[in-house]
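A closer look at the structure
Each chain, letter by letter, is given below.
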Amino acid sequence: MAYVLIFTCFAVLAVASLLAARVGYRGQACNRAIGYDVPAAVKRDPALERQANQLLAFWCTGAALLSLAALVPIGSVLLSGGGRSVSPWGLMAFAVYGLAVVAVVAYPFEKIKRLSGD
């Protein structure tokens, strides 16, 4: 059951990251209707807006790829039908890896908030 939960968490993280990256690729990082909080200075300056879109697209795509990479070993454990398992140290490694992926996703949003001050 724990493996299904881990697989689901990484799958949801991958989908959410891809959706955020899609916003960046479409150039809508400063669109308030989508729900991102962007400083007014970034909205006014086309260069800062372009940089915000690039940050969002690049980092969220990377986070999605990292999330998908975690699905491979967990998926192999799930598909083994109970013949394989992950040690407690392996589960802790997945937890730390998940925190790292979340940090990668959060980075562009924090960087965008500080773009106007650079």
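Look a little higher up for the structure.
Residues numbered from 1 in each chain as written. Predicted model: local features only at pLDDT ≥ 70, side-chain atom pairs only at ≥ 80, totals over all residues. Heavy atoms only, no water.

Some points on the overall build of the protein chain
For the protein chain, the count of helices and strands is four helices and zero strands. Taken from the N to the C terminus, the helices and strands of the protein chain come in the order α-α-α-α. The C-alpha radius of gyration computed for the protein chain amounts to 17 Å, which surpasses the reference 13 Å derived for 118 residues by more than 25%, pointing to a less compact arrangement than a globule. Each of the 118 residues in the protein chain was classed as buried or not, and the buried ones make up 34%. Contacts in the protein chain between residues far apart in sequence, at least 24 positions, make up 76% of those at least 6 positions apart. Surface summary for the protein chain: the accessible area is close to 7,100 Å², and the carbon and sulfur share equals 68%. (Helix = DSSP H or I, 4+ residues; strand = E, 2+ residues; numbered from the N terminus. Rg over C-alpha atoms; globule rule 2.2 N^0.38 Å. Buried < 20%, exposed > 50% of the residue type's maximum accessible area, 1.4 Å probe, protein only. Contact = heavy atoms within 4.5 Å. Areas by Shrake-Rupley, 256 points an atom, 1.4 Å probe, with all protein chains shown as cover.)

Here we look at the packing of helix α3 (residues 46-79) against helix α4 (residues 88-113)
Contact geometry of α3 with α4 gives a least axis separation of 8 Å together with a crossing angle of 170°. By the angle between their axes, α3 is roughly antiparallel relative to α4. Residues Ala52, Leu55, Leu56, Trp59, Cys60, Ala63, Leu66, Ser67, Ala69, Ala70, Pro73 and Ile74 of α3 form the contact with α4, whose participating residues are Phe94, Tyr97, Val101, Val104, Val105, Tyr107, Pro108, Phe109, Lys111 and Ile112. (Axes fitted to C-alpha atoms, helices over the stretch in contact; angles between N-to-C directions. Parallel < 35°, antiparallel > 145°, perpendicular 65-115°, else oblique.)

What about the packing of helix α1 (residues 2-25) against α3?
Following both chains from N to C, one finds α1 and α3 inclined at 160°, their axes separated by 7 Å at the closest point. The orientation of α1 relative to α3 falls into the category roughly antiparallel. Helix-helix and strand crossings are classified by hand; for α1 and α3 the assignment is left-handed. Residue composition of the contact of α1 with α3, grouped by class: 24 nonpolar, six polar and no charged. (Left-handed = near helix turned anticlockwise from the far one by under 90°. Nonpolar A, V, L, I, M, F, W, Y, C, P; charged D, E, K, R; others polar.)

Digging into the environment of glycine 75
Of note, glycine 75 is situated in helix α3. Glycine 75 sits 71 residues away from valine 4 along the chain, and the two C-alpha atoms are 8.7 Å apart.

Side note on the nonpolar core
A general trend in soluble globular proteins is that nonpolar side chains are found buried together. Formed by 15 residues in total, the largest nonpolar core has its most connected members in Tyr36, Val38, Val42, Ala52, Leu56, Ile112 and Leu115. Listing elements by their share of this core, those giving two or more residues are α1 and α3. For this core, the element with the highest residue contribution is α3, accounting for five residues. When neighbours within four sequence positions are excluded, alanine 52 is seen to be in contact with Ala29, Val42, Ile112 and Leu115. Core analysis: the next-biggest nonpolar cluster, separate from the first, contains nine residues, Tyr3, Ala70, Leu71 and Ile74 among them. (Core = buried A, V, L, I, M, F, W, Y, C linked by side-chain atoms within 4.5 Å.)

Here's the deal with the packing of aromatic side chains
The tally for this structure, following the rule as stated, stands at four aromatic pairs. With 5.4 Å between their ring centres and 90° between their planes, phenylalanine 58 and tryptophan 59 make a pair best called edge-to-face. You can call phenylalanine 58 exposed: its relative accessible area is 57%. Among the aromatic residues, ring-to-ring pairing joins Phe10, Phe94 and Tyr97 into one connected group. (Phe/Tyr/Trp six-rings, centres within 6.5 Å; stacked < 30°, edge-to-face > 60°.)

Everything listed here is a matter of coordinates, which is why it stays silent on function.
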